[in-house]
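Summary of the model geometry
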Amino acid sequence: MKIAIVGATGLIGRRFLEILNEKNFPIHELFLFASARSANSVVNFRGKGYTVEELNEHSFDKGVDIAFFSAGGEVSRTFAPFAAAQGCVVIDNSSAWRMDDNVPLVVPEVNPDDVKLHKGIIANPNCSTIQAVVALAPLHRAYGIKRVVYTTFQAAGGAGQSGVNDLADGIKGFPPKKFPHRIAYNVIPHIDVFLPDGYTKEEEKMIQETRKIMHAPELKITSTCVRVPVMVGHSESINIEFERQFDLPDVYALLSDAPGLAVIDDPARNQYPMPIEAAGTDTTYVGRIRRDFSIQNGLNIWVVADNTRKGAASNAVQIAELL
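The following paragraphs examine the structure supplied in this document. Since this is a predicted model, take the numbers as computed values, not measurements. (Residues numbered from 1 in each chain as written. Predicted model: local features only at pLDDT ≥ 70, side-chain atom pairs only at ≥ 80, totals over all residues. Heavy atoms only, no water.)

Glancing now at a nonpolar patch on the surface. A cluster of nonpolar side chains, Y272, M274 and I276, forms an exposed patch at the surface whose accessible area comes to about 300 Å². Looking at where Y272 falls in the secondary structure, it is placed in the loop between strand 12 (261–263) and helix 7 (275–278). According to the relative accessible area criterion, Y272 is partly exposed, its value standing at 31%. (Patch = residues over 30% accessible without salt bridge, like charges linked within 9 Å, V, L, I, M, F, W, Y side chains within 5 Å. Areas by Shrake-Rupley, 256 points an atom, 1.4 Å probe, with all protein chains shown as cover. Salt bridge = Lys/Arg side-chain N within 4 Å of Asp/Glu carboxyl O. Helix = DSSP H or I, 4+ residues; strand = E, 2+ residues; numbered from the N terminus. Buried < 20%, exposed > 50% of the residue type's maximum accessible area, 1.4 Å probe, protein only.)

Attention shifts here to the side chain of H234. With respect to the secondary-structure elements, H234 resides in strand 11 (residues 234–242). Of the polar contacts made by the side chain of H234, one reaches the backbone nitrogen of A155; its length is 2.9 Å. (Polar contact = N/O pair within 3.5 Å; in protein donor to acceptor, adjacent residues only side chain to side chain.)

Here we come to the packing of helix 3 (residues 127–143) against helix 5 (residues 201–213). The geometry of helix 3 relative to helix 5 is characterised by a closest axis approach of 9 Å and an angle of 40° between their N-to-C directions. Judged by the angle between their axes, helix 3 and helix 5 are oblique. Classified by chirality, the crossing of helix 5 by helix 3 is right-handed. Each of S128, T129, A132, V133 and L136 in helix 3 lies in contact with helix 5, whose residues at this interface are E202, K205, M206, E209, T210 and I213. Class assignment of the residues belonging to the contact of helix 3 with helix 5 gives a composition of five nonpolar, three polar and three charged. (Axes fitted to C-alpha atoms, helices over the stretch in contact; angles between N-to-C directions. Parallel < 35°, antiparallel > 145°, perpendicular 65-115°, else oblique. Left-handed = near helix turned anticlockwise from the far one by under 90°. Contact = heavy atoms within 4.5 Å. Nonpolar A, V, L, I, M, F, W, Y, C, P; charged D, E, K, R; others polar.)

With respect to the helices and strands, the residue V304 is situated in strand 14 (residues 298–305). On the basis of relative accessibility, which here comes to 0%, the residue V304 falls in the buried class. Separated by 31 residues in the primary sequence, V304 and P273 place their C-alpha atoms 6.0 Å from one another. In contact with V304, not counting residues within four places along its chain, are Q131, H234, S235, P273, M274, P275, A278, T283, T284 and Y285.

Here we take up the packing of helix 3 against helix 6 (residues 248–257). The N-to-C vectors of helix 3 and helix 6 enclose an angle of 130°; their axes lie 9 Å apart at closest approach. Viewed along their axes, helix 3 and helix 6 adopt a mutual orientation that is oblique. As for how helix 3 packs across helix 6, the hand of that crossing is right-handed. Across the interface between the two elements, A135, P138, L139, A142 and Y143 from helix 3 touch D250, V251, L254 and L255 from helix 6.

Written as structure tokens, this is what we have:
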């Protein structure tokens, strides 16, 4: 296959290459694109050096089969249609197309058949949404989810290389360049821009994307998203209210058998999911599974995943495998 990566020199662009290589994805020709600033740099892949080209409207005239985009929403809105018009299938990691009614939003463990609905563009969901719905989907099928309360603890690296730099520099005492406040030794209850209703765009993304992926447009959801001083790995406290009664042993069994999930839940041995252990893996980990006694049919779970892999690049490559 002819594969292209847009944003090839960025944090997620590098993850795309890493995971494509790990999965031995069939690539007969590879094209790497980025901005003028990164053009002409050389990236090594499978023992060969590839020169990065500046992205333009003719970049996909070469018969590209699949293009992975991770260069921001403006780039995706501008150039994804050019790629699709040339018969290329775009798997886009930005927020540009996620809520477009004509673009499927896909997590392969949850809604793989939606891939068939694409018209040249498939959206990769927000990192925090991906790991949440991997855990929620089997529970929704079994018990019917009535309401979800998200509280996220998202890595500095979720903001890209500049977020990683802010954390590393902050530890050394330097002021932030990416975040509005120092992230080192701090937590910031602010991810993306604030909206008129007081929620942030990140919180709104989680709400709307969860509904779309799970085909549950009326699902009641609220969200608070927080940036924490962790390099890689998002953590989420998820409170769920079900329509139907459940037994905890059945919940454990259901989550243990679900694709893409691993249960780590042994409080007696201090075993629970943590981002330091999720880093570098494609698994979504769930633990701290317990009843919420304050409501009927309530459950609390703790969900952790590597935001650069399952939360971005790995999910996109899984979509490509479905194609």
